[in-house]
Amino acid sequence: MPTLLTYLLLPFAWLYAGIIAVRNWLYDRGWKLTTRFSKVPVLGVGNLRVGGTGKTPHVAWLVQELRQQGQQPAILSRGYGRRTRGFRLGSATETAATLGDEPWQQFTAFGGQVPVAVCEDRLAGLHELLRQQPQITTVVLDDAYQHRRVRPDFSVLLTEQQRPFYHDYVLPAGRLRESRTGAARADVVVVTKCDPQLTTAQQLEIEQRIRRYGRRAVPVLFSTYAYGAPVPLPGVVPDEAAYSAEIVLLTGIAQPLPLRKYLREAGYQIVHYAEFNDHHAFTAEEIAALKAHYGPGRRIFTTQKDAARLLDPSLHTEMAGLAVFYIPIAVEFLADGANRLRQLLPAAIQPQAVV
């Protein structure tokens, strides 16, 4: 429900929404240049809301599916939170600090088999990516829904079940980057982080609300998270017999509540929780403070995204000897959602012969 502060901030939200609406209108009318990249098909994944809606695992799902369909995909991101600028291509010499935590996570998750690049200018990034990796047949743009300079061939809009865009307001009254009508640019809408038991009736109600803002024929799909077994960070030798159910939890993500809920339901006891803002760059002092709650039989659990930052060379000394594990997550679609999205891809990307 809207709060008093929300109402007080609405005039500023209307002003911001108006500015963004004019910007989008200029792009729609062709008065601001938008380019459809002609060398390879481009898929865009993004959201209307600031904060985590599950872009990284959904990008991973798309990339894996494209590979299974015979494509050679790449990922291009802005590289939010990195300490560098310009175009950079993932390699063994990069880190979360130079590439960004999410791109570095993607690069390591695919074992370096999928090119992952970052660039603030997505169009320039696309050209440089294809110059360095000419074998690429498809590019997935991560977090590019508001990046109108590049017009994707297929656009995926994500919104959370618990925080759907149609219940939110534009900044600063809410957390939307643009008005709800921006959903009309999507070719498919995926409602993320859903309750696995979400009923057909509940799905239909959500779909009807989304269709007030999106195009009528656009599919609305529903996905949830599947959590995997704890994975040790490099250098950690697992010894299950030595561990108790007591854990220390460390996160620097936008929405940690689903993970905390999963851990409790899985039988873990969180004896200490160190919570930081999304993309937080952990310091040696913070890791040292965490050790006060770490003892015999306990492990430190974190997310795969946070693990990418914990592997920064500046933290090696403090991290040494700690039993740190990350909890992997994977996307699972409800009902026939995976097949529906899978069937949309061939026409969307117009598959090319693999070079």
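Going by the annotation in an unreviewed UniProt entry, the name recorded for the chain is Tetraacyldisaccharide 4'-kinase, with Hymenobacter telluris given as the source organism. UniProt lists a comment for the chain under the heading Function (unreviewed entry), and it reads "Transfers the gamma-phosphate of ATP to the 4'-position of a tetraacyldisaccharide 1-phosphate intermediate (termed DS-1-P) to form tetraacyldisaccharide 1,4'-bis-phosphate (lipid IVA)." Within the UniProt record for the chain, the comment given under Catalytic activity (unreviewed entry) is "a lipid A disaccharide + ATP = a lipid IVA + ADP + H(+)".

Another aspect to go through is the overall build of the chain. A count of helices and strands for the chain gives eleven helices and 14 strands. Overall, the chain is about 65 × 55 × 40 Å in size when its C-alpha atoms are taken along their principal axes. Pairs at least 24 residues apart make up 79% of the contacts formed inside the chain by residues separated by at least 6 positions.

Turning next to the sheet that holds strand β14 (residues 329-333). Reading across the sheet, the nine strands line up as β3-β4-β2-β5-β1-β6-β7-β8-β14 and stay open at both edges, with mixed pairing between neighbours. Two strands lie at the open edges of the sheet, namely β3 (88-89) and β14, each paired on one side alone. The pairing of strand β7 (residues 188-192) with strand β8 (residues 220-227) spans three bridges and is parallel. If you follow V189 over to β8, its bridge partner there is V220.

So, on to the pattern of salt bridges. What the rule picks out here adds up to 23 salt bridges. In this structure, the salt-bridge partner of K261 is E265, at a minimum N-O distance of 2.7 Å. A residue pair is termed a helical-turn pair when its members lie 3 or 4 positions apart in one helix, as K261 and E265 do in helix α7 (residues 257-265) at four residues. What makes K261 partly exposed here is its relative accessible area of 46%. A residue is classified by how much of its surface remains accessible, and E265, at 58% relative accessible area, is exposed. When the shortest N-O distance is used, the salt bridge between D278 and K305 registers 2.5 Å. Of the two residues, D278 sits in the loop between β11 (269-275) and α8 (284-290) while K305 sits in helix α9 (residues 304-310), which places them 27 residues apart along the sequence.

Another aspect to go through is the packing of helix α2 (residues 55-68) against helix α4 (residues 101-109). Contact geometry of α2 with α4 gives a least axis separation of 11 Å together with a crossing angle of 35 degrees. Crossing handedness for the pair α2 and α4: right-handed. Each of T56, V59 and A60 in α2 lies in contact with α4, whose residues at this interface are E102, Q105 and Q106. In the contact of α2 with α4, the residues fall into two nonpolar, three polar and one charged.

Another point: the packing of aromatic side chains. For the structure shown, the criterion picks out eleven aromatic pairs. An angle of 75 degrees between the planes, with centres 5.9 Å apart, marks the rings of F165 and Y166 as edge-to-face. Both residues of the pair, F165 and Y166, count as buried. A cation over an aromatic ring shows up here: R180 above the ring of Y169, its NZ or CZ 5.5 Å from the ring centre.

This paragraph deals with the UniProt feature "binding site: ATP" (unreviewed entry) in the chain. Look at the UniProt record and you will see "binding site: ATP" (unreviewed entry) annotated at R49, V50, G51, G52, T53, G54, K55 and T56. Within the secondary structure, G54 is located in the loop between β1 (42-47) and α2. Since its relative accessible area comes to 7%, G54 is described here as buried. Not counting the four nearest positions on each side in its chain, G54 is found in contact with L158, K193 and Y225. With near-sequence residues (within four places) excluded, T56 lies in contact with E102, Q105 and Q106.

Given 3.6 residues to a turn, an α-helix orients residues that are three or four positions apart in the same direction. Among the nine residues of α4, seven are classified as buried, and the element is accordingly described as predominantly covered. Turning to α4, its buried residues are D101, E102, P103, W104, Q105, Q106 and F107. Phi turns positive one or two residues past the end of α4, at G111, with a value near 60 degrees.

The rules behind each value
Residues numbered from 1 in each chain as written. Predicted model: local features only at pLDDT ≥ 70, side-chain atom pairs only at ≥ 80, totals over all residues. Heavy atoms only, no water. UniProt positions renumbered as here; feature names shortened; annotations may be inferred. Helix = DSSP H or I, 4+ residues; strand = E, 2+ residues; numbered from the N terminus. Contact = heavy atoms within 4.5 Å. Pairing = 2+ DSSP bridges. Salt bridge = Lys/Arg side-chain N within 4 Å of Asp/Glu carboxyl O. Buried < 20%, exposed > 50% of the residue type's maximum accessible area, 1.4 Å probe, protein only. Axes fitted to C-alpha atoms, helices over the stretch in contact; angles between N-to-C directions. Left-handed = near helix turned anticlockwise from the far one by under 90°. Nonpolar A, V, L, I, M, F, W, Y, C, P; charged D, E, K, R; others polar. Phe/Tyr/Trp six-rings, centres within 6.5 Å; stacked < 30°, edge-to-face > 60°. Lys NZ or Arg CZ within 6 Å of the ring centre and 35° of its normal.

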